[in-house]
Amino acid sequence: MTLHLAVALSGDSFAAGDWITQVGQADDAGLDLVTFDDAFGRHGPDAVLVASLVAPLTRHVGLVPVATTTHTEPFHLSTSLATLDHISRGRAGWQVRVSPDPASASLLGRRSSLPVETLIGEAADAVEVVRRLWDSWEDDAIIKDVATGRFIDRDKLHYIDFEGEHFSVKGPSIVPRSPQGQPVVAALAHAPEVWDHLDADLFFITPSDADDAARKVRQIGPSKKIFADITIGGISDAASFTGTQTQLADLIQNWWTVSGVDGFRLRISDISEISETVAELRHRGLFRTSDQKTLRERLGLPVAVNRYAQEASVA
């Protein structure tokens, strides 16, 4: 088994070329995925749109933008992320985030800020709605039957009929089922209320050292993919590293051996900051570029079975 490598990009440039260059370098390096930071009120472009910009210009790297659930309707999230999966040919993901900031609530003007616990509950509902909408088209719903003039088999489109505390959504989606069926759902997990409530495939954790990472891996459990965050220079909620790129490779090897994490997400300002580290990890046989086409396959996630097609086959 080899480790997974990801980078977190948080730039605020509105120049398309800056993003194309950085993500292109991650793609050329064979990294597993790139995340794009975002928040309401932040100076910078929309993360989903940036991911959509670079999708046709890359061939390998997974594209995982942050999109908040606090002030965004899940129907809109499902369509934009499914579209990203289509244009990237199965390399899309979604980093779920909540926004407790009162300034953000004031910016939108829709409602006042809410406690984090309430927002996480709302996010859990939003993830469920989005996942159901992604399943609301079966894989073979589009038939393009010229003889009968039927473009869609309406029996293969499904109302999700979600009624929850925070949302009421009938569906179906307006976007056909995407290549992965279910793009990869990720979340930054600082505490149990995140991994206990959010139906994510991948969790980013912020341990202080290898032993702390191992504790978090045991708490989250073996059914989820877990990446440890490391900040290259600077101060953040994640462990901060200052040293040579070879020393960073040493740290990654040690943490990976001791903790049981599946991979690492390196928070950087420029891809060149880790080019030697990636080369060194390849030399040690710890990292290699996956030949899998979709992000789900690359991360070793199971095939996303359509719940409604499954229900129909049982009936």
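This is a predicted model, so every value here is computed, not measured.

A.B. asks: Break down the environment of N254 for me, with residues and values.
C.D. replies: Assignment of secondary structure puts N254 in helix α8 (residues 245-259). Along the primary structure N254 and A309 are separated by 55 residues, whereas in three dimensions their C-alpha atoms are 44 Å apart.

A.B. asks: Describe the pattern of salt bridges, listing the residues and the values that go with them.
C.D. replies: With the rule as written, the count across this model stands at 24 salt bridges. A salt bridge links K156 to E138; the shortest N-O distance between them is 3.7 Å. A residue pair is termed long-range when its members are at least 10 positions apart, and K156 in the loop between β6 (150-152) and β7 (162-163) and E138 in the loop between α5 (116-135) and β5 (142-145) qualify at 18 residues. Each of E128, R132, D135, D139, R177 and R307 takes part in one network of salt bridges that share partners.

A.B. asks: Hey, could you go over the side chain of H60 for me, with residue numbers and the actual values?
C.D. replies: Within the element layout of this structure, H60 appears in the loop between α2 (47-54) and β3 (62-68). For H60, a relative accessible area of 9% translates into the label buried. At 3.5 Å, the side chain of H60 and the backbone oxygen of G30 are in polar contact. The contact partners of H60, leaving out residues within four places of it in the chain, are D27, G30, L31, R91, T289, S290 and R298.

A.B. asks: Explain the layout of surface pockets to me, and be specific about the residues and the numbers.
C.D. replies: Its boundaries defined by the atoms lining it, the largest pocket holds a volume of some 400 Å³. As for the largest pocket, its lining consists of 20 residues, and the residues nearest its centre are R97, V98, P100, L188 and H190. When contributions to the lining of the largest pocket are tallied by element, the ones reaching two or more residues are β4 (93-97), α5, β9 (184-188) and α6 (192-197). For the lining of the largest pocket, the element with the most residues is β4, which contributes 3 residues. For the lining of the largest pocket, the residue count by class is 12 nonpolar, 5 polar and 3 charged.

A.B. asks: Pulling in residues and values, what's your account of the side chain of R91?
C.D. replies: Looking at the secondary structure, you find R91 in the loop between α3 (74-87) and β4. Of the side chains with opposite charge, D27 comes closest to the buried, unpaired R91, at an N-O distance of 5.0 Å. Among the polar contacts listed, one links the side chain of R91 to the backbone oxygen of S88, at a separation of 3.0 Å. Excluding its chain neighbours within four sequence positions, the residues that come into contact with R91 are A55, T58, R59, H60, V61, G62, L63, D85, Q180, K293 and L295.

A.B. asks: Tell me about the nonpolar core, residues and numbers included.
C.D. replies: One recurring pattern in soluble globular proteins: nonpolar side chains tend to sit buried together. Grouped together as the largest cluster of nonpolar side chains are 67 residues, with contacts concentrated most on F36, W94, V261, F264 and L266. Look past the residues within four positions of F36 in its chain and what remains in contact with it is L9, W19, V23, A47, V50, A51, V54, L63, V64, P65 and V66. Counting residues in hydrophobic clusters, the runner-up holds 11 residues, among them L33, L202, F227 and L295.

A.B. asks: For a nonpolar patch on the surface, give the residues involved together with the corresponding values.
C.D. replies: Among the surface-exposed residues, I20, L53 and L57 lie close enough to one another that they form a single nonpolar patch of about 240 Å² accessible area. Here L57 shows up in the loop between α2 and β3. Residue classification places L57 among the exposed positions, given a relative accessible area of 54%.

A.B. asks: Which residues make up unusual backbone geometry, and what are the values?
C.D. replies: Put simply, G171 and P172 share a cis peptide bond, and its omega is 0°. Here P172 shows up in the loop between β8 (168-169) and β9. Positioned with a positive phi, R89 is a non-glycine residue whose angle comes to about 60°. Secondary-structure assignment places R89 in the loop between α3 and β4.

About the cut-offs
Residues numbered from 1 in each chain as written. Predicted model: local features only at pLDDT ≥ 70, side-chain atom pairs only at ≥ 80, totals over all residues. Heavy atoms only, no water. Helix = DSSP H or I, 4+ residues; strand = E, 2+ residues; numbered from the N terminus. Salt bridge = Lys/Arg side-chain N within 4 Å of Asp/Glu carboxyl O. Buried < 20%, exposed > 50% of the residue type's maximum accessible area, 1.4 Å probe, protein only. Polar contact = N/O pair within 3.5 Å; in protein donor to acceptor, adjacent residues only side chain to side chain. Contact = heavy atoms within 4.5 Å. 1 Å grid on protein atoms, 1.4 Å probe; cavity = no way out; pocket = protein on both sides within 12 Å on 5 of 7 lines; lining within 4 Å. Points joined across faces, edges and corners; volume = space filled by probe spheres on them. Nonpolar A, V, L, I, M, F, W, Y, C, P; charged D, E, K, R; others polar. Lys, Arg positive; Asp, Glu negative; His and termini not counted. Core = buried A, V, L, I, M, F, W, Y, C linked by side-chain atoms within 4.5 Å. Patch = residues over 30% accessible without salt bridge, like charges linked within 9 Å, V, L, I, M, F, W, Y side chains within 5 Å. Areas by Shrake-Rupley, 256 points an atom, 1.4 Å probe, with all protein chains shown as cover.

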